[in-house]
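# What the coordinates show
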Amino acid sequence: MQSYLWVKTFHLVFVMAWVAAAFYLPRILINLVEAGEAGDVRARLVLMGRRLYRFGHVMLGLALVLGLVLWMGYTVITDFPTMAPMGSGAGWLHAKLGLVVLLVVHYVVAGRWLKGADRGRALPSTRALRWFNEIPVLLLVGVVWLVLAKPF
């Protein structure tokens with residue numbers, strides 16, 4: 001049981017670190033659009049974005065590995081409980097994983113926009129990016145609610 005708690009603790013910490021990167025990366029894109037042609041500011045923002053994106057990838061990878069351990073560990077590790085119900089009652093987990101996939105897609109799109117901006121491609125308007133910035137918040141609320149309520 002102790003190993004389960006440690007795995008779950010680190011999974012949550014890595015998820016929080018990745019979500020922080022997913023929240024801030026669109027904000028960097030907004031700042032890039034607002035910076036206009038200021039070369040030194042753009043270069044600094046692109047550098048910050050690249051570092052944040054790389055950090056987020058590492059955190060996402062660790063969170064996914066530990067999430068798989070939480071999901072499948074009970075079949076390999078003795079006395080390791082699982083959060084994943086078998087059979088009926090697993091609908092909440094599938095819905096949660098669907099929202100997580102949408103979060104990952106959002107993160108990848110933001111990363112591609114950042115790479116495109118580094119190569120001189122135009123970004124969406126600040127208004128569009130501000131809406132884009134709110135998507136991970138809504139998805140995260142859904143994930144947290146599904147994990148806590150397990151409604152189906």
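Quick look at the structure, then. What you see is a predicted model; the values in this text were computed from it and never measured. (Residues numbered from 1 in each chain as written. Predicted model: local features only at pLDDT ≥ 70, side-chain atom pairs only at ≥ 80, totals over all residues. Heavy atoms only, no water.)

### Considering the nonpolar core
Note the following rule: What is meant by a nonpolar core is a set of buried Ala, Val, Leu, Ile, Met, Phe, Trp, Tyr and Cys residues, joined one to another through side-chain atoms within 4.5 Å. The buried label applies to any residue whose accessible area, calculated with a 1.4 Å probe on protein chains only, is under 20% of its type's maximum; exposed applies above 50%, and partly exposed to all values in between. Think of it this way: any DSSP run of H or I at least four residues long counts as a helix, any run of E at least two long counts as a strand, and we number them from the N terminus. Residue contacts are counted whenever heavy atoms from the two residues lie within 4.5 Å of one another.
One finds Trp 18, Leu 25, Leu 29, Leu 32 and Tyr 107 to be the most contacted residues of the largest nonpolar core, which totals 39 residues. Those elements that provide at least two residues to this core are helix H1 (2–35), helix H2 (39–72), helix H3 (91–118) and helix H4 (126–149). Looking at this core element by element, the count peaks at 14 residues for H1. If we ignore the near neighbours within four places in the chain, the residues touching Leu 32 are Arg 42, Leu 45, Val 46, Leu 114, Ala 117 and Leu 123.

### Looking at a positive patch on the surface
The condition is simple: Patches were defined on residues exceeding 30% relative accessible area and lacking a salt bridge, with like-charge contacts within 9 Å and nonpolar side-chain contacts (Val, Leu, Ile, Met, Phe, Trp, Tyr) within 5 Å. Every accessible area reported is derived by Shrake-Rupley at a probe size of 1.4 Å, with residue values counting cover from the shown protein chains alone. Note on definitions: salt bridges are taken to be side-chain nitrogens of Lys or Arg within 4 Å of carboxyl oxygens of Asp or Glu. His is not counted, nor are the chain ends, whereas Lys and Arg count as positive and Asp and Glu as negative. By convention, the point assigned to a charge is CZ for Arg, NZ for Lys, CD for Glu and CG for Asp.
Taken together, Arg 112, Lys 115, Arg 119 and Arg 121 make up a surface patch of like positive charges. Its location among the elements puts Arg 119 in the loop between H3 and H4.

### Some details on the packing of aromatic side chains
The criterion, for reference: Two rings from Phe, Tyr or Trp (for Trp, the six-membered ring) form a pair when their centres are within 6.5 Å of each other. A pair whose planes differ by under 30 degrees is stacked, one over 60 is edge-to-face, and the rest are tilted. Note on geometry: a ring has a charge over it if NZ (lysine) or CZ (arginine) is within 6 Å of the ring centre and within 35 degrees of the ring normal.
Going through the model one piece at a time under the given rule, you end up with five aromatic pairs. Aromatic pair Trp 113 and Phe 132: ring centres 4.7 Å apart, planes at 50 degrees, arrangement tilted. Of this pair, Trp 113 sits in helix H3 while Phe 132 sits in helix H4, and the two are 19 residues apart along the sequence. According to the relative accessible area criterion, Trp 113 is partly exposed, its value standing at 29%. In this arrangement the basic side chain of Lys 150 is found over the ring face of Trp 92, its NZ or CZ atom lying 4.8 Å from the centre.

Just distances and angles here, no functional claims.
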